[in-house]
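One-letter residues, chain by chain:
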Amino acid sequence: MSDDLEPISPVDAVEMFHSAMEDEHSESTRRSEYHRLRSFIQFCDEEGIENLNEVSGRDLYRYRTWRREGKGDGRDSIKLVTLKSQLATLRRFLRFAGDIDAVDPELYEQLSLPTMKNGEDVSETTLKPERAIEILDYLENAQPASRDHIVLLLLWETGARSGAIRGLDLEDCDLDGTHPRFSGPAVHFVHRPETGTPLKNHESGTRWNRISQKTARYIEDYIEYHRDEVTDEYDRHPLITTRYGRPAGNTFRKTLYRVTRPCWRDEGCPHDRDIDSCEATNIDHASKCPSSRSPHDVRSGRVTFYRREDVPRRIVEDRLNASEDILSRHYDRRSDREQAEQRSDFLPDL
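Draft legend 1. Main features of the pattern of salt bridges. As enumerated under the stated definition, the model contains 14 salt bridges in all. Its salt-bridge partner being E140, residue K214 comes within 3.1 Å of it at the nearest N-O pair. Of the two residues, K214 sits in helix α8 (residues 213-226) while E140 sits in helix α5 (residues 129-142), which places them 74 residues apart along the sequence. For R227, the salt bridge identified is with E229, shortest N-O distance 3.6 Å. By relative accessible area, which is 7% here, R227 ends up buried.

Next up, the structure:
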């Protein structure tokens with residue numbers, strides 16, 4: 001251990017790291033980084049490491065093995081992609097710790113990341129377009145203009161991230177189509193980090209997205225009949241609300257997990273589970289249903305839908321505020337056969 005280091009506990013160093021991220025990162029990114037470091041704090045506690053100065057390359061190797069075996073959250077093991085993301089966060093933290101004289105500045109280099117094979121770092125789950133449409137049809141008939149209906153409708157129609165939908169205010173909705181740039185209804189996604197609703201890509205994510213007349217009418221009905229008349233902690237008027245104000249990000253995930261379970265729509269279980277005893281029927285455990293899907297899966301399903309319909313790539317990139325590489329790698333779920341068939345439509349000699 002270098003004599004130049006200044007003693008600091010792992011907990012205090014992580015708190016400083018979290019605070020230092022505030023100027024350059026969204027709250028969701030900061031929260032994710034902080035969450036990934038909780039396992040490292042637990043490891044230090046179990047190993048009796050009270051001063052971060054004492055962490056060595058050997059400790060980092062032991063942590064990597066400890067985490068790979070699922071220790072820290074009670075699992076038998078974790079996926080390689082999960083391990084890589086957690087170690088990458090730890091490397092960033094150790095670089096920061098080196099800058100504040102908490103560890104040797106080169107310590108982070110001793111923490112190697114696992115090598116991913118092609119596609120291992122890409123989630124293969126998606127909400128297939130046909131399933132999304134089926135669920136929307138069900139909601140339209142059983143719970144029209146309910147919060148569940150509007151959340152899925154906006155996620156599906158715009159392809160936006162849940163954080164962007166969460167950040168919409170009433171004044172961001174041009175439901176009558178009076179905006180001079182459009183000939184129909186639209187919603188405005190705006191980067192507002194100072195009042196709790198940043199966009200993933202910051203100012204470059206600010207954009208208008210057209211919505212259908214039908215969706216606009218359902219939003220009007222939601223506002224009139226189902227929206228709670230509340231403001232958020234910044235005195236803004238959220239479009240989507242709970243009784244307490246603007247919903248937390250986790251509310252959108254729970255909504256999707258719940259409504260994408262087949263049994264929620266009184267369908268038979270495709271996984272041969274006994275519905276009466278299945279733990280996923282409990283709304284707090286809905287994510288444990290193999291058929292449940294997240295807001296991210298809705299986004300990937302929408303990209304797949306656009307690609308199947310041959311919507312130009314540039315249009316999809318602009319509407320979803322994502323690069324072509326990100327869309328192709330993480331969102332487009334067309335099969336190889338589907339892509340080959342679509343390419344053949346543009347080849348006159350086939």
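Draft legend 2. Local environment of the nonpolar core. Within the largest apolar cluster, 34 residues are counted, with the highest numbers of intra-cluster contacts made by I165, F189 and I240. Put simply, the parts of the chain that give this core at least two residues each are α5, α6 (147-158), α7 (162-166), β2 (186-189), α8 and α9 (249-259). The biggest single contributor to this core is α6, with seven residues. When residues no more than four places from it in sequence are discounted, the contact partners of F189 are T158, A160, A164, I165, L168, L199, G205, T206, R207 and N209. Ranked by size, the runner-up nonpolar core spans 29 residues in total, among them F17, F40, C44 and L111.

Draft legend 3. Focus on unusual backbone geometry. One non-glycine residue, H202, lies in the positive phi region at around 60°. Residue position: H202 is located in the loop between β2 and β3 (207-210). On the basis of relative accessible area, H202 is assigned to the partly exposed category, the value being 33%. One non-glycine residue, D272, lies in the positive phi region at around 55°. Its location among the elements puts D272 in the loop between α9 and α10 (295-308). Overall, the relative accessible area of 76% leaves D272 in the exposed class.

Draft legend 4. Structural detail: the pairing of β3. Along β3, the buried face is formed by R207 and N209; none of W208 and R210, which line the opposite face, is buried. Inspection of the sheet shows β2 paired to β3 by four bridges, in the antiparallel sense. Within β3, the residue paired with A186 across the bridge is R210.

Draft legend 5. Region of the structure containing the packing of helix α2 (residues 27-47) against helix α4 (residues 80-99). At a minimum axis distance of 9 Å, the contact between α2 and α4 shows a crossing angle of 90°. Taken together, the axis directions place α2 and α4 in an arrangement best described as roughly perpendicular. Contacts between α2 and α4 involve E33, R36, L37, S39 and F40 from the former and S85, Q86, T89, L90, R92 and F93 from the latter.

Draft legend 6. Focus on the packing of aromatic side chains. For the structure on display, the rule yields ten aromatic pairs. When the ring of F40 is compared with that of Y63, the centres are 5.4 Å apart and the planes differ by 90°; the resulting orientation is edge-to-face. Here the residue F40 occupies a position in helix α2, and Y63 occupies one in helix α3 (residues 57-68), the gap between them amounting to 23 residues. The residues F40 and Y63 share a single accessibility class, namely buried. Three or more aromatic residues joined by ring pairs form one cluster here, namely F17, F40, F43, Y63, W66, F93 and F96. Over the face of the ring belonging to W156 we find R302, whose NZ or CZ atom lies 4.8 Å from the ring centre.

Draft legend 7. Main features of the confidence of the model for the chain. Scored by pLDDT, the chain comes out at a mean of 84, with 86% of its residues at no less than 70. For residues 118-123, every residue scores under 50 in pLDDT, and the model assigns this stretch eleven contacts once sequence neighbours within four places are set aside. Counting interchain partners and residues more than four positions distant, the pLDDT-below-50 stretch residues 330-334 has 27 contacts.

Draft legend 8. View of the sheet that holds β2. Ordered in space as β1-β2-β3, the three strands form an open sheet in which the pairing is antiparallel. Edge positions in the open sheet fall to β1 (173-174) and β3, since each of these has one partner strand only.

Draft legend 9. Spotlight on the side chain of T255. Structurally, T255 can be placed in helix α9. Classification of T255 as buried rests on a relative accessible area of 4%. A distance of 2.9 Å separates the side chain of T255 from the backbone oxygen of T251, its partner in a polar contact. The residues contacting T255, other than those within four sequence positions of it, are D148 and V151.

Draft legend 10. Broad picture of the environment of E233. For E233, the position within the fold is in the loop between α8 and α9. Residue class for E233 comes out exposed when judged on its relative accessible area of 73%. Along the chain, E233 and R246 lie 13 residues apart, while their C-alpha atoms are 8.3 Å from each other.

Draft legend 11. Just α4, in detail. For α4, spanning 20 residues, the distance from its first C-alpha to its last is 29 Å, which sits close to the expected 28 Å at 1.5 Å a residue. Listed as buried for α4 are L83, Q86, L87, A88, T89, L90, F93, L94, F96, A97 and G98. Structurally, α4 contributes buried residues whose contacts are with α1 (10-20), α2 and α3. One or two residues past the end of α4 sits D101, with phi positive at roughly 65°.

Conventions and cut-offs
- Residues numbered from 1 in each chain as written.
- Predicted model: local features only at pLDDT ≥ 70, side-chain atom pairs only at ≥ 80, totals over all residues.
- Heavy atoms only, no water.
- Salt bridge = Lys/Arg side-chain N within 4 Å of Asp/Glu carboxyl O.
- Helix = DSSP H or I, 4+ residues; strand = E, 2+ residues; numbered from the N terminus.
- Buried < 20%, exposed > 50% of the residue type's maximum accessible area, 1.4 Å probe, protein only.
- Core = buried A, V, L, I, M, F, W, Y, C linked by side-chain atoms within 4.5 Å.
- Contact = heavy atoms within 4.5 Å.
- Pairing = 2+ DSSP bridges.
- Axes fitted to C-alpha atoms, helices over the stretch in contact; angles between N-to-C directions.
- Parallel < 35°, antiparallel > 145°, perpendicular 65-115°, else oblique.
- Phe/Tyr/Trp six-rings, centres within 6.5 Å; stacked < 30°, edge-to-face > 60°.
- Lys NZ or Arg CZ within 6 Å of the ring centre and 35° of its normal.
- pLDDT = per-residue confidence, 0-100.
- Polar contact = N/O pair within 3.5 Å; in protein donor to acceptor, adjacent residues only side chain to side chain.
- Expected span 1.5 Å × (residues − 1).

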